[in-house]
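Here is how the chains run, residue by residue.
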Amino acid sequence: MVKLSKEYSRLGPVVKLFEEFRSLSDDKEAALTLSEDEDEELKILAKEELIDIEAQLKRIEEEITPLLLSSDPRDENNAFLEIRAGTGGDEAAIFAGDIFRMYARFCEQKNWKIEILNQNESGQGGYKEIIAKVLGKGVFSQLKFESGTHRVQRIPKTESQGRIHTSACTVAVIAEMDEIDEVEMNSSDIRVDTYRASGAGGQHVNKTDSAVRLTHIPTNIVVECQDGRSQHKNKAAAMTLLRAKINDMEHEKVAKQQAEERKMLIGSGDRSERIRTYNFPQGRITDHRIGLTLYNLLEVMEGNISTLIDALIQENSAQQMSQLEN
């Protein structure tokens, strides 16, 4: 019922515009007939009406086209944000921390909530890995194009010779499943391991096996959650993430097939695909998928990434438009 209600809400504006379009088309036919009348006054009135009708039809076309584009049913969902240090050692972990803080500040601007599920800190204030859940309206629609490899070029603080180093981190954005769409999983397919959480957390961390690791045997997907103090809460959070990962894996299969068919320039969202370079010496950030270069890197690192996100959304819409035209 919830799914049907969402579909009804999405199609409502389309139906309304189509009915208006059909009514105007009938009016246009009538005006065209009058424009051929022998009465000169009627001809003039008909031609004036045709100009007005054409303007309204153009408006409807502009309004209905975006509504006809293929929308992702997951766009309004919450999302899991996973960031992992790649090549580059300690500098890669520091960069992973910078990227997480960039997204965290962006989430603050959007009044979204962030819940950290798991983190593996490095010794330099960065993260070897950090997994968080982002909750808010339209989270996935805004973050879904962020998946891929992010590369940084800068002089590390530990570099005494002033040489520019290149390192990277990978970002994965996975939509949280709606309860109605959740994948079915047999409990016998899931191995549950509990262990003592590591990292900050006081004496409690060393006394109870509150951390939870779930392994989905058929797909070999492993998720961990140790940030909560309750084993029950950690298990529930891990189960939600596991369901999302399994669904994401299925969605990726479909997305790759579509990408091959449509040759999407935005990219497949493959975690190994290099999508963006952050060049600190030049204050430059480049999104390689759409050839966009900006020179406000410091602002971007403070969470001001709307320009990048909006450009990616617009490019995706433009590609869908070209598919409709073909």
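Residues numbered from 1 in each chain as written. Predicted model: local features only at pLDDT ≥ 70, side-chain atom pairs only at ≥ 80, totals over all residues. Heavy atoms only, no water.

J.: Give a description of the pattern of salt bridges that names residues and reports values.
T.: Inspection of the entire model under this criterion finds 18 salt bridges. Note that Asp-75 and Lys-144 form a salt bridge whose closest N and O atoms lie 2.8 Å from each other. With Asp-75 in the loop between helix H2 (40-68) and strand E1 (79-85) and Lys-144 in the loop between helix H4 (139-143) and strand E4 (148-154), this pair connects stretches of sequence that are 69 residues apart. Judged by its relative accessible area of 17%, Asp-75 falls in the buried class. With a closest N to O distance of 2.8 Å, Asp-98 and Arg-154 form a salt bridge. A residue pair is termed long-range when its members are at least 10 positions apart, and Asp-98 in helix H3 (residues 89-109) and Arg-154 in strand E4 qualify at 56 residues. Per residue, the accessibility class of Asp-98 equals that of Arg-154, and both read buried. (Salt bridge = Lys/Arg side-chain N within 4 Å of Asp/Glu carboxyl O. Helix = DSSP H or I, 4+ residues; strand = E, 2+ residues; numbered from the N terminus. Buried < 20%, exposed > 50% of the residue type's maximum accessible area, 1.4 Å probe, protein only.)

J.: Lay out the packing of aromatic side chains with the relevant residues and their values.
T.: Within the structure shown, the criterion is met by three aromatic pairs. Ring centres of Phe-95 and Tyr-278 lie 5.5 Å apart, and the angle between their planes is 70°; on these two criteria the pair is classed as edge-to-face. In this pair, Phe-95 sits in helix H3 while Tyr-278 sits in strand E9 (residues 274-279), placing the two residues 183 residues apart along the sequence. For the pair shown, Phe-95 and Tyr-278 are each scored as buried. Considering the side-chain rings of Phe-106 and Trp-112, the 5.7 Å spacing of their centres and the 85° angle between planes classify their relative orientation as edge-to-face. Each member of the pair Phe-106 and Trp-112 is classed as buried. Lying over the aromatic face of Phe-280, Arg-154 brings its terminal NZ or CZ to 4.9 Å of the ring centre. (Phe/Tyr/Trp six-rings, centres within 6.5 Å; stacked < 30°, edge-to-face > 60°. Lys NZ or Arg CZ within 6 Å of the ring centre and 35° of its normal.)

J.: I'd like a description of the sheet that holds strand E8 (residues 221-225), backed by residues and values.
T.: Read across the sheet, three strands follow the order E6-E7-E8 without closing on themselves; strand pairing throughout is antiparallel. Strands at the two margins of the open sheet, each flanked by one partner only, are strand E6 (190-195) and E8. Recorded for the sheet is a direction-independent mean angle of 15° between the axes of neighbouring strands. Taken together, the six bridges between E6 and strand E7 (residues 211-216) define a ladder with antiparallel strand orientation. Looking at the pairing, Tyr-195 lines up with Ala-211 of E7. (Pairing = 2+ DSSP bridges. Axes fitted to C-alpha atoms, helices over the stretch in contact; angles between N-to-C directions.)

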